[in-house]
Amino acid sequence: MDFTVESATSAVVGSFDATPDPRLREVMQVLTRHLHDFVRETAPTVGEWNTAIEFLTEVGRWCSDTRQEFILLSDVLGVSMLVETINGHEGGTESTVLGPFHMTESPRRELGDSIDLIGGTRVCVVTGTVRTTSGEPLADAGVDVWQCTEDGFYDVQQPDRQPAGNGRGLFRTDAEGRYWFRTVVPSSYPIPTDGPVGTLLGATDRHPYRPAHVHLIVSAEGYEEVTTHAFVAGSAYVDSDAVFAVKKNLMVEFVESTDAGAAAEYGVEAPFVHAEFDIVLHERS
Ligand code: BEZ
Ligand code: FE
């Protein structure tokens, strides 16, 4: 049969009929249908299609051990958050994008340690409890945190200016399921714009900023791991995160405290900023 605009889809969908893995067959056939509909609706010229292919080629060229431009593309298109949201666990803390900066292992730290190795100006203590969906505290849960500097850069972006592991820490909760660590008050910052994803944001008049946040991956034996953020309530860009990760349940008040007793307990000087972020893990199914 002749290849026509109308017959194209059934011909290509049918070409995957014999795929042994049923999930791969389903994914390729649905992809074909949606991709063909996209092409029929937008009717690109051959030149425009070549531009699209050159763009994706450039995204691949920018990928390296320290840069993941495809994750960035998936993030700014809202696809990463869609996948996270589809795979969320009812009753557990909501999950968000991993982002491209969790590429090194966080150094193991003791409860109360600071992840700020360069002496930032606004000291902050983050505390919380990890619990099950029925409210039981989870002892010995892993709390992996990472955060950029007050200037808005992760250690991997500034290997000449920041020690490796700055802004990162892997903690384990105590017998009551509690965790606490010192850091600096998070800042809002732009995602990297020097590559093709930045060019796309510029061409579409979109800003690259993310609201201030701390990243966390929380895990415990027998429970679903959650990748999430604690967002600074009231931060700039909470209503227009470049990667669409904000959820209202992840908004955390970062409160100025003058409590000298609490400051002494956490090993900081009053006044300091305190944020409390509790986590709920869903039992593994
Ligand atoms: C981040 O918060 O580290 C991030 C997330 C998505 C894209 C770029 C950066
Ligand atoms: Fe971040």
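The coordinates are above.
Rules of the game
Residues numbered from 1 in each chain as written. Chains lettered and ligands numbered in written order. Predicted model: local features only at pLDDT ≥ 70, side-chain atom pairs only at ≥ 80, totals over all residues. Heavy atoms only, no water. Donors = N, O, S within 2.8 Å, 3.2 Å for Na, K, Ca; no water. Tetrahedral: all angles 85-135°; square planar, octahedral: opposite > 155°, others 65-115°. Helix = DSSP H or I, 4+ residues; strand = E, 2+ residues; numbered from the N terminus. Buried < 20%, exposed > 50% of the residue type's maximum accessible area, 1.4 Å probe, protein only. Polar contact = N/O pair within 3.5 Å; in protein donor to acceptor, adjacent residues only side chain to side chain. Contact = heavy atoms within 4.5 Å. 1 Å grid on protein atoms, 1.4 Å probe; cavity = no way out; pocket = protein on both sides within 12 Å on 5 of 7 lines; lining within 4 Å. Points joined across faces, edges and corners; volume = space filled by probe spheres on them. Nonpolar A, V, L, I, M, F, W, Y, C, P; charged D, E, K, R; others polar. Core = buried A, V, L, I, M, F, W, Y, C linked by side-chain atoms within 4.5 Å. Domains from an automatic or database assignment. Near = heavy atom within 4 Å. Areas by Shrake-Rupley, 256 points an atom, 1.4 Å probe, with all protein chains shown as cover. Sits in = over half its atoms within 2 Å of the grid points.

J.: How should I be thinking about the coordination of the iron ion (ligand 2) in this particular structure?
T.: A four-donor tetrahedral metal ideally has 109.5 degree angles, and a six-donor octahedral metal ideally has angles of 90 or 180 degrees. Listed as protein donors to the iron ion (ligand 2) are Y154 (OH), Y189 (OH), H213 (NE2) and H215 (NE2); their distances from the metal cover 1.9 to 2.1 Å. Geometry at the iron ion (ligand 2) is irregular, judged from the six donor atoms that bind it and their angles of 53 to 162 degrees at the metal. Each donor residue of the iron ion (ligand 2) belongs to the same chain, with the gaps between them written as Y-x34-Y-x23-H-x1-H. Remark: H213 occurs in strand β7 (residues 213-219) and Y154 occurs in the loop between β2 (142-146) and β3 (168-172); sequence separation between them is 59 residues. Note on accessibility: Y154 and H213 belong to one class, buried.

J.: Can you help me understand the side chain of S80 in this one?
T.: Mapped onto the elements of the fold, S80 is located in helix α5 (residues 79-86). Polar contacts involving the side chain of S80 include one to the side chain of D75, which spans 2.5 Å. Here S80 is in contact with I71, S74, D75 and V97, once residues within four sequence places are set aside.

J.: Hey, could you run me through empty space enclosed by the protein in this one?
T.: One simple way to see leftover space: roll a probe sized like a water molecule over the atoms. If you walk through the whole model with that rule in mind, you get one cavity of 30 Å³ or more. Of the voids in this model, the largest cavity is the one considered here, and its volume is about 100 Å³. Lining the largest cavity are 14 residues, and of these G99, P100, Y189, I191 and R210 lie nearest its centre. A class-by-class count of the residues in the lining of the largest cavity yields 10 nonpolar, two polar and two charged.

J.: Explain the nonpolar core to me, please; I cannot follow it from the model alone.
T.: Note on soluble globular proteins: their nonpolar side chains tend to be buried together. Within the largest apolar cluster, 42 residues are counted, with the highest numbers of intra-cluster contacts made by V130 and L281. Ranked by residues supplied to this core, first place goes to strand β8 (residues 226-232) with four residues. Both domains that furnish three or more residues to this core are identified here as domain 1 (8-73) and domain 2 (88-281). Excluding residues that lie within four positions of it along the chain, V130 makes contacts with E136, P137, L138, A141, V143, T173, G177, Y179, V218, I279 and L281. Counting residues in hydrophobic clusters, the runner-up holds seven residues, among them F101, V156, Y189 and I217.

J.: Is there a simple way to think about the site of ligand 1 in this case?
T.: Neighbouring residues of ligand 1: L72, D75, G99, P100, F101, Y154, Y189, I191, R210, H213, H215 and V243. For ligand 1, an oxygen atom lies 2.6 Å from a polar atom in the side chain of R210. Within the contact set of ligand 1, an oxygen atom lies 3.0 Å away from a side-chain nitrogen or oxygen of H213. When ligand 1 sits alone it has 260 Å² of accessible area, and the protein chains cover 100% of it. Taken atom by atom, the bulk of ligand 1 overlaps the largest cavity.

Purely geometric numbers; function is a separate question.
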